[in-house]
Amino acid sequence: MKTSIATVSIPGSFAEKLRAIAKAGFQGIEIFEQDFIAEEGSPREIGRMIRDHGLEIALFQPFRDFEGLTGELRRRAFDRARAKFDTMAELGCDRILVCSSVHPEALGGIDRAAADFRELGEIARDYGITVGYEALAWGRHVNDHRDAWEIVRRADHPNVGLILDSFHTLARRIDPDSIRRIPADRIVFVQLADAPLIEMDLLHWSRHFRCMPGEGELAVTAFMRAVAATGHDGWVSLEIFNDQFRGGRPEGLARDGLRAIVALLDDVRRTEPDIRADLPEIPPRVPVRGVEFVEFATRGQEAEALSAMLAAMGFSHLGDHVSKRVELWQQGDIRIVLNREETGFAASAWATHGTCVCDIGLRVDSAADTVARATALKAEPFRQPVGPGELDIPAVRGVGGSVLHFLDEESGLARVWEVEFRSRPGAARGDAGLVRIDHVAETMSRDEMLSWALFHTAIFEMTKTPMVDVIDPDGIVRSQAVASPDGAVRITLNGAETHRTLAGSFLAESFGGAVQHIAFATRDIFATARALEAAGFAALPMTGNYYRDLKARFGLAAEAVERLARHHILYDEDAGGAYFQLYSRPFENGFFLEIVERRGGYGGYGAPNAPFRIAAQKRLMRPKGMPRR
Ligand code: MG
Ligand code: MG
């Protein structure tokens with residue numbers, strides 16, 4: 001199979017689109033007539049410009065409202081087709097998409113449409129062009145690929161075939177397995193798009209909400225499996241219309257597109273062994289076993305404040321790096337690394353963002369396989385000079401410019417703490433019962449959310465939860481979690497739209513997407529709360545109204561609510577179990593820490609509590625709009 005993307009999917013000028021598409025590694029493009037009309041050069045020059053980027057023009061589109069017309073309208077439809085064929089000959093493109101008619105005068109009738117296509121096929125033959133017919137989900141008479149296929153079958157012309165588009169099939173809830181009955185040599189072209197499941201008008205949904213395969217909720221993999229089962233070995237292309245993408249960065253979107261299509265074809269190949277994908281073998285999705293460490297770039301007073309907070313939460317400063325100003329703080333299985341180096345990656349992260357999480361270490365089975373899959377999916381490898389006595393730990397750039405390191409038992413990388421750190425005997429203090437990292441919460445601008453989720457779900461064995469809206473008093477923050485099946489690694493993604501929300505002001509302060517909070521798990525939140533109070537930890541104070549509401553909402557006993565209120569513990573329930581949360585006060589830039597206890601199978605992150613927590617945090621932060629320095 002060859003990979004392509006429609007020029008409409010990528011923002012920017014035509015030249016910017018081509019550069020980004022070629023750089024990402026696509027083999028071809030669908031040229032959209034709109035893009036083409038807007039360009040200055042002749043079709044011949046534009047065709048050359050595209051080929052100079054190493055790209056083929058895989059498809060010319062769209063040709064609308066062709067079939068089912070009569071009289072003068074029908075004659076004009078054929079004239080329009082000839083004009084397109086002339087342009088295509090100049091461009092150097094031999095495949096055209098004809099989408100099913102929405103013309104008010106189109107009559108319908110399978111045989112009438114088949115006759116139109118047979119005649120069009122005759123003209124196309126003279127040009128050496130293949131016509132592909134696509135059923136639009138909102139087509140006037142044809143809105144189902146099974147009907148489009150019947151028309152193509154009856155047209156019975158070698159220059160007329162079928163175009164399949166996952167959106168049109170899946171949006172109408174048509175069983176994609178019906179594709180398995182179509183012969184591969186009649187499938188001219190395959191278009192892929194995903195979308196979130198929202199109830200709305202099909203045309204509006206398609207024009208504004210399509211997204212890359214894996215970014216939405218449609219069964220694109222099942223669709224592509226059915227296509228692969230036919231033996232299709234031609235073009236597979238992304239056709240994405242999305243309002244957010246139109247304002248995005250060409251290179252990032254093209255890279256996400258390639259990441260999505262490679263991950264999808266890899267999934268298909270694993271389930272449909274007959275697939276003829278001309279793609280290199282890549283390791284399967286990577287199971288993640290846990291968060292091995294979280295590293296902060298920090299300096300000066302900010303470093304002192306962070307150390308004091310960690311100490312008050314029961315962490316011990318257990319080790320120092322053999323050659324660098326890097327400290328290891330630990331409690332249970334949680335390792336926090338504080339990096340005060342003045343050169344290297346952490347130093348530049350600090351210079352850009354101030355105190356921030358610059359690096360996260362994930363425990364995996366094979367670090368080498370992880371990097372192989374990540375880089376095959378266009379993640380950027382990360383390297384910095386390895387000092388004397390240091391291990392060379394494989395890493396890639398994560399989203400938002402941070403770094404992800406991968407540690408495994410297999411290659412001895414998990415021994416980094418013994419190898420690179422000198423322990424501080426006698427430094428261990430009584431802990432507060434924190435055992436592991438429950439989740440890491442990252443904040444980004446809302447239009448980056450799909451990209452961040454795709455990064456995690458394409459590379460790792462992680463799935464995403466549906467998006468939820470979190471109400472900030474000053475706006476809405478969209479939130480979605482990606483997690484491993486056993487919950488060993490959970491990452492929440494929070495998309496802010498306005499700088500007035502807590503997440504949005506953090507985003508502005510940190511100059512780009514970053515970790516805004518880390519939640520530590522305890523097995524007994526009340527024991528932890530008592531230990532923290534004894535250590536001088538100041539929890540985020542919650543209001544009496546919050547606890548009165550909680551009592552009514554869940555029908556809790558007065559003593560239970562009183563106990564929660566005494567320690568400023570927040571509470572939530574779902575069908576699986578119960579959830580307890582305790583928050584730190586926010587740092588100046590809006591970063592904070594959280595402690596949670598999950599009981600039973602509670603699967604969420606306390607979203608119903610977020611508005612009250614955010615309001616409490618905002619009360620403690622400086623007034624809106626006051627600059628930090
Ligand atoms: Mg389409
Ligand atoms: Mg949280």
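Refer to the structure above for everything that follows.
Residues numbered from 1 in each chain as written. Chains lettered and ligands numbered in written order. Predicted model: local features only at pLDDT ≥ 70, side-chain atom pairs only at ≥ 80, totals over all residues. Heavy atoms only, no water.

1. Side note on the pairing of strand 11 (residues 326-331)
Inclusion rule: When a residue's accessible area, from a 1.4 Å probe over protein chains only, is under 20% of the maximum for its type it is buried; when over 50% it is exposed; and in between it is partly exposed. Each helix corresponds to a stretch of at least 4 residues labelled H or I by DSSP, and each strand to a stretch of at least 2 residues labelled E; elements are numbered beginning at the N terminus. If DSSP finds at least two bridges between two strands, the strands pair.
Across the six residues of strand 11, six count as buried, placing the element largely inside the fold. Neither face of strand 11 is exposed, since V326, L328 and Q330 on one face and E327, W329 and Q331 on the opposite face are all buried. Where strand 10 (residues 316-321) meets strand 11, four bridges bridge the pair, whose relative direction is antiparallel. Along strand 11, the bridge assignment pairs D320 with E327. Where strand 10 folds back on strand 11, the antiparallel hairpin that results is connected by four residues. Pairing of strand 11 with strand 12 (residues 334-339) involves six bridges; the strand directions are antiparallel. Bridge pairing in strand 12 places Q330 opposite R335. Hairpin connection, strand 11 to strand 12: the antiparallel pair is bridged by two residues, and G332 has positive phi, about 55°.

2. Here we look at the packing of helix 5 (residues 110-127) against helix 6 (residues 145-155)
Think of two packed helices as two axes; the pair is described by the angle between the axes and how far apart they sit. Here is the rule we go by: Note on geometry: axes are lines fitted to C-alpha atoms, helical ones only across the stretch in contact, with angles between N-to-C directions running from 0 to 180 degrees. Geometric relationships in this document are graded by angle, where less than 35 degrees denotes roughly parallel, more than 145 denotes roughly antiparallel, 65 to 115 denotes roughly perpendicular, and other angles denote oblique. By convention the crossing between two helices is left-handed if the near helix lies anticlockwise of the far one by an angle smaller than a right angle, and right-handed if it lies clockwise. When checking whether two residues touch, look at their non-hydrogen atoms; a contact exists if any pair is within 4.5 Å. Polarity classes work like this: nonpolar for Ala, Val, Leu, Ile, Met, Phe, Trp, Tyr, Cys and Pro, charged for Asp, Glu, Lys and Arg, and polar for all others, with Gly in that last group.
Remark: helix 5 packs on helix 6, axes separated minimally by 8 Å, with the N-to-C direction vectors making an angle of 55°. Taken together, the axes of helix 5 and helix 6 are oblique relative to one another. The hand of the helix 5/helix 6 crossing is right-handed. Between helix 5, through I110, D111, A113, A114, F117 and R118, and helix 6, the contact on the second element is made entirely by D147, E150, I151, R154 and A155. A per-class count over the contact of helix 5 with helix 6 returns six nonpolar, no polar and five charged.

3. Here's the deal with the coordination of the magnesium ion (ligand 2)
Let me state the cut-off plainly: The donor definition counts N, O and S atoms within 2.8 Å of each metal and applies 3.2 Å to Na, K and Ca; water is not among these atoms, so some sites may look incomplete.
Donor atoms from the polypeptide that bind the magnesium ion (ligand 2) are H439 (NE2), H517 (NE2) and E594 (OE), placed at 2.2 to 2.3 Å. Expressed as a motif, the donor residue spacing for the magnesium ion (ligand 2) is H-x77-H-x76-E. In this pair, H439 sits in strand 17 (residues 434-445) while H517 sits in strand 22 (residues 514-522), placing the two residues 78 residues apart along the sequence. Comparing H439 with H517, the two get one shared label, buried.

4. Here we look at the coordination of the magnesium ion (ligand 1)
Note on metal geometry: ideal angles are 109.5 degrees for four donors arranged tetrahedrally and 90 or 180 degrees for six donors arranged octahedrally. All of the protein donors around the magnesium ion (ligand 1) are E134 (OE), D165 (OD), Q191 (OE1) and E239 (OE); their distances to the metal are 2.1 to 2.2 Å. Under the relative-accessibility criterion, Q191 is labelled buried at 0%. Judged by its relative accessible area of 3%, E239 falls in the buried class.

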